Amino acid sequence: MENLYHLMASLSLTSAVDASERFDKQALLQIHELARQQHGNLPEGSFHTLLSFTDPIGSNGAASSVPVERLKPISFTQLQVGRVHRGRVVYGTICAEAFRISGIMTMIEDGHGLGVRLAIYNAAHSQTNIQRLYPRGAKVAIREPYFKRAADGSVAIRVDNPANVEMLVTHKEQKRAESLPHVDVEELRKEGNSCFREKQWDAAAEYYTKCIDAALLLLKNGSSIDNNNIIVSLLHAYSNRAETRLRMKEFDVALEDSDKVLGIDSGNLKALHRKGRALVGLRQYAAACECLEKANKSSPGQLEIQLTLRQAKTLYSQSRKGKYDISDYLLGRGYSTYPEVADFIGPVEIKMTEDGRGRGLYARREITTGQLLLVSNAVAVAYEDDSAGINVDHRGNINLPSQEELVATVVSAARKSQSLLQQLYSLDDYSAPRSLDVPDIDLFKTEGQMSSIEAAGKEKLQVDVNRIRDIISRNSFGGAEQTFASKSKIYEAKRGQNFSGLWLLPSFINHSCLPNSSRLQVGSAMFIHACKPIKRGKEITISYFDTLVPLPQRQAMCESWGFKCNCRRCILELSLKAALEPISERFEELHDKALEETNAARSPEGLDADLPACAEFAKLFVEAEEIIRSSALLKTEKERNWIRASFVSAYLAGTQSNDFFPTTLMECVPSGEEVMEAIQNAVPGDIRALVMVAQQLEGSKRWFGPDESLFIIRRASEQAREACIRVFGRDSEQFLKPLILQHSECHLF
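Calculation criteria
Residues numbered from 1 in each chain as written. Predicted model: local features only at pLDDT ≥ 70, side-chain atom pairs only at ≥ 80, totals over all residues. Heavy atoms only, no water. Axes fitted to C-alpha atoms, helices over the stretch in contact; angles between N-to-C directions. Helix = DSSP H or I, 4+ residues; strand = E, 2+ residues; numbered from the N terminus. Parallel < 35°, antiparallel > 145°, perpendicular 65-115°, else oblique. Left-handed = near helix turned anticlockwise from the far one by under 90°. Contact = heavy atoms within 4.5 Å. Nonpolar A, V, L, I, M, F, W, Y, C, P; charged D, E, K, R; others polar. Patch = residues over 30% accessible without salt bridge, like charges linked within 9 Å, V, L, I, M, F, W, Y side chains within 5 Å. Areas by Shrake-Rupley, 256 points an atom, 1.4 Å probe, with all protein chains shown as cover. Salt bridge = Lys/Arg side-chain N within 4 Å of Asp/Glu carboxyl O. Buried < 20%, exposed > 50% of the residue type's maximum accessible area, 1.4 Å probe, protein only. Phe/Tyr/Trp six-rings, centres within 6.5 Å; stacked < 30°, edge-to-face > 60°. Lys NZ or Arg CZ within 6 Å of the ring centre and 35° of its normal. Polar contact = N/O pair within 3.5 Å; in protein donor to acceptor, adjacent residues only side chain to side chain. Pairing = 2+ DSSP bridges. Expected span 1.5 Å × (residues − 1).

Further remarks concern the packing of helix α24 (residues 672-682) against helix α25 (residues 687-704). With their axes 9 Å apart at the nearest point, α24 and α25 run at an angle of 155° to one another. When the interaxial angle is binned, α24 and α25 end up roughly antiparallel. When you trace α24 past α25, the crossing you get is left-handed. Judged by residue contacts, Gly-672, Glu-673, Val-675, Met-676, Ile-679 and Gln-680 of α24 engage Arg-688, Ala-689, Met-692, Val-693 and Gln-696 from α25. Looking at the contact of α24 with α25 residue by residue, the class counts come to six nonpolar, three polar and two charged.

Structure, rendered in structure tokens:
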């Protein structure tokens, strides 16, 4: 390794730039190999920058729609820096071993001894199969190439859509394809089976495809081999490829392969089962149930079929009725993975906002507190992982290499489904944020997955990588992973693993610092419940971030999303800016110190430690309370609660010790019940209100006994029930007591 670094040092930046501009194949190969040795063996998910371009977004994100044969060839030396060569194609042969960092790095050579570096972005492939997908010696055509200068000054061809790299069939390969009838089709299938056992899904699918092509050619041209044997091999290859595609989550092509088998053998049990699983993956639950019922009747004793049928029926019921039993998961009883849930759309519709903010989600009828409005599974999610170089901030923004992985995952899914692509393109992006059409809510329903484009036979949408990148940037949600284990307290989720992801229908829900709905994360599924009654025709709103902070912090968060919140709470608090500004300026610093202090105090070594930072932070609440009580601008108790809620974290820090609010200050400090009411007036679905009332209930039981006929116990129980429903929805009433008890043991700060 030491020799490697000495060799890299000897290759100066100037020589790398010079080599790239002269298309010096040998020098570029040497540079490429050194980079591959240094970066090519990084763990999966680790990313560093090698070819870093001055602008992170290329100019060639959309797939070229022009066939290669209609494009005019261009040589390496004719390429112009900074230009996308429309109407042109560059041919070459891959001459270096491909590897992945922030993109796929390789090289191509022409027939004259020249070479050029090639960077392919947004290719959703693992490190293990890159060499197979971009093998050395493969002939390629790069449609409408983008020749770009990287940040280090060197030049390279940058491809932002892998579809623009087309693998070519050479004359030799064509001859081999023509000789396929002489290839043992059964041997090809066995090779596929071998790769399947090794979980090499791409390789297995390729062998099954070769087997299918060979079998079809034999049947077409005639053969000395018994046709029945060929058909048997063909059915097995289709069926096995369907299973392989299921493992790769390519449900649409798995469905096609299953149907090919059933077209020849309508009662094929494996094909029926695999078709049912593909339909479940495509969220076509009614069709899945019908298919699996047929399989189950054909062979009643097949446990796997029965389990898949039960799964399909459960998901179908969820998608229709919006009834979910996730109690075991929420209470940490026996779940090692997230429960699988179906998408659900309740009484909501998409409309334009009256004040010109754009589109929003609205209630189609009267909605009660705790009613489930929708459930949406993420298109893709990225989790924070320091060891893999993935960092997620409070906004849900992730560092560029990690974002490219999220983009690649979404792009890969979009290439497989016109329905998904149509849904994606209905979301807001930076190109036309205020002039988008209002999509029909049916576009996002699980059943009838064929999009209107497919149904109408219209021209297919093209995958535009840059547009998808903008959509993700504008619509992604961030947050902290929630853990519902019985020993691990739910509120610790605030300090949990951050994530960033893209959810479709929730992207239409606008933010408010006075939200009427709350979101609950269950793995990659997002549940939206009403946390207060909502009248018909009123907009559904949620908080994108923690809004129990002062106005300046909320304004900064809104700005990171590219909007300004004009809710009544923000407007009211703005009128108190001069009075509250000295407190708000100290809030963030004191909050962080107090949080660090309480985290340390919770360790076994720090249980008896003094908490001066928490005491200092608590004084801010007292100062804010004096302003709130004396202000003539605040006319009602509800308005006072809206402002009080902005400083509630300081109060919660103060409750860590009885010494934080001296007796002399007690008249200036609201009771715990009043603070809880302030939270519920501002953000009814905030979990801290539930924790407070749960602790109050359990404390009352310890003090007065568990007799629920006592007024104080009965009242606290009802408050806890209402708080639980605001956070977890009405279905939580079935397991209220253990859920409330679990939250009584949580930390408030």
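Having seen the model, we can carry on.
On to a nonpolar patch on the surface. Nonpolar side chains collect at one region of the surface, where Trp-703, Phe-704, Leu-710, Phe-711 and Ile-712 lie side by side and expose about 590 Å² of accessible area between them. Among the secondary structure elements, those contributing two or more residues to the nonpolar patch are α25 and α26 (711-728). Tracing the backbone through its elements, the reader meets Ile-712 in helix α26. Residue classification places Ile-712 among the partly exposed residues on the basis of a relative accessible area of 37%.

In this section: the packing of aromatic side chains. Under the defined criterion, the tally for this structure stands at 14 aromatic pairs. For Arg-158, the ring lying beneath its charged end belongs to Tyr-121, and the centroid distance is 4.2 Å.

Attention now moves to the pattern of salt bridges. For the structure on display, the rule yields 38 salt bridges. Linking Arg-36 and Glu-33 is a salt bridge whose minimum nitrogen-to-oxygen distance equals 2.6 Å. On the criterion of helical spacing, the pair formed by Arg-36 and Glu-33 is a turn pair, its members being three residues apart in helix α3 (residues 25-39). For Arg-36, a relative accessible area of 18% translates into the label buried. The residue Asp-160 makes a salt bridge to Arg-158 at a minimum N-O spacing of 2.8 Å. No difference in accessibility class separates Asp-160 from Arg-158, as the two residues are buried. Residues joined in a network through salt bridges with shared partners are Glu-625, Arg-629, Glu-637, Arg-640 and Arg-644.

Our next topic: helix α22 (residues 637-645). Listed in full, the buried residues belonging to α22 are Arg-640, Asn-641, Trp-642, Ile-643, Arg-644 and Ala-645. Close packing links the buried residues of α22 with α19 (568-574), α20 (577-601), α21 (612-630), α23 (648-654) and α24.

Another aspect to go through is the side chain of Ser-319. Mapped onto the fold, Ser-319 is located in helix α12 (residues 303-321). A distance of 2.8 Å separates the side chain of Ser-319 from the backbone oxygen of Tyr-316, its partner in a polar contact.

Before going further, it helps to spend a moment on the sheet that holds strand β12 (residues 348-352). The strand order across the open sheet formed by four strands is β12-β13-β21-β18, and the pairing between neighbours is mixed. The open sheet terminates on both sides in strands that have one partner only, identified here as β12 and β18 (510-511). In this sheet, strand β21 (residues 539-542) lies alongside β18 in parallel orientation, the contact comprising two bridges. Paired with His-511 across the two strands is Ile-542, which belongs to β21.

Another point: the sheet that holds strand β14 (residues 372-377). Whether parallel or antiparallel, the strands of a sheet pair through hydrogen bonds between backbone atoms. Sheet architecture is open: four strands sit in the order β11-β14-β20-β19, paired in antiparallel fashion. Since the sheet does not close on itself, it has two edges, and those belong to β11 (344-345) and β19 (517-522), each with one partner. When β14 meets strand β20 (residues 525-530), the two strands line up antiparallel, connected through five bridges. In the sheet register, Asn-377 faces β20, and the bridge partner there is Ala-525. Relative to β19, α26 is tilted by about 70°, and along the sheet it contacts β19 and β20.

Here we come to unusual backbone geometry. Although it is not a glycine, Phe-23 adopts a positive phi angle of roughly 55°. Overall, Phe-23 belongs to the buried group, its relative accessible area being 7%. Of note, the phi angle at Arg-283 is positive, near 65°, even though the residue is not glycine. Relative to the helices and strands, Arg-283 is located in the loop between α10 (269-281) and α11 (285-298).

What follows is about the packing of α22 against α24. The interhelical angle for the contact between α22 and α24, taken along N-to-C directions, is 95°, at an axis separation of 8 Å. Looking at the two axes, α22 sits roughly perpendicular to α24. Seen from α22, the contacting residues are Lys-638, Asn-641, Trp-642, Arg-644 and Ala-645; seen from α24, they are Glu-674, Glu-677, Ala-678, Asn-681 and Ala-682. Grouping the amino acids of the contact of α22 with α24 by side-chain chemistry returns four nonpolar, two polar and four charged.

Attention shifts here to α26. If you check α26, its first and last C-alpha atoms are 25 Å apart, about what 18 residues at 1.5 Å a residue would give, namely 26 Å. Residues Ile-713, Ala-716, Gln-719, Ala-720, Ala-723, Cys-724, Ile-725, Arg-726, Val-727 and Phe-728 constitute the buried set of α26. In this structure, the buried residues of α26 make contact with α13 (327-330), β19, β20, α24, α25 and α27 (736-744). Positioned one or two residues after α26, Gly-729 has a phi angle of 85°, which is positive.

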